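Spelled out from the first residue to the last, the chains are:
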Amino acid sequence: MLKHKGFPGRLPGSDYQFVIRRANPKGVTPLKALERYKDRKPSDKRADAAFMSALWSYFGEETFERGNLDAGRLSWLFGREVVPADPDDFDPASYEAELKIDVKRAMATFPELFASEEDEEMPDWDAMWNGDEDGEYED
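Conventions used here
- Residues numbered from 1 in each chain as written.
- Predicted model: local features only at pLDDT ≥ 70, side-chain atom pairs only at ≥ 80, totals over all residues.
- Heavy atoms only, no water.
- pLDDT = per-residue confidence, 0-100.
- Helix = DSSP H or I, 4+ residues; strand = E, 2+ residues; numbered from the N terminus.
- Pairing = 2+ DSSP bridges.
- Contact = heavy atoms within 4.5 Å.
- Axes fitted to C-alpha atoms, helices over the stretch in contact; angles between N-to-C directions.

1. A closer look at the confidence of the model for the chain
Regions with low pLDDT should not have their predicted coordinates read in detail.
Link 1 in the chain: Looking at the chain as a whole, the pLDDT averages 85, with 83% of positions reaching at least 70.
Link 2 in the chain: Within the chain, helix α5 (residues 125-129) has the poorest average pLDDT of any element, 63, and strand β3 (residues 98-101) the best, 95.

Dropping the structure here:
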């Protein structure tokens, strides 16, 4: 299992993890698209935004291996903002599965992450993580 060195381990100040420490000895947790309902907690939405921000900062538009990225957190974005790099040769239960960010969809869902400095100022992530702002987004 590839470990993404330097990738954030979790959302600061929370129990929302972004990576796992070791492979699951009982088998790989398969990726599946989880339904994001509009009544989700703001903290869940902040975790999604922070995870998407970390993915974008770390990988950009490049294809990446699933590796030690947390299946639960990845599943909230899977099938929408994060898609298989090669849908014909994709194994959702593999640590070696190749993924990529669907930039167009990610920009529509998380416009604040992709806003240029000319368009608007980036949000204060520390304030959002501490619950001082409502990090709303639509699915």
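Once you've had a look at it, read on.
2. Considering the sheet that holds strand β2 (residues 82-84)
Link 1 in the chain: Ordered by their spatial adjacency, 3 strands build an open sheet running β1-β3-β2, and the pairing between neighbours is antiparallel. Taken across any chain shown, the strands that pair with only one partner, and hence form the sheet edges, are β1 (64-65) and β2.
Link 2 in the chain: Pairing of β2 with β3 involves 3 bridges; the strand directions are antiparallel. What sits directly across from V83, in β3, is K100.
Link 3 in the chain: Each of β1, β2 and β3 is contacted by helix α1 (residues 42-59), which is oriented at about 105° to β3, the strand it contacts most.

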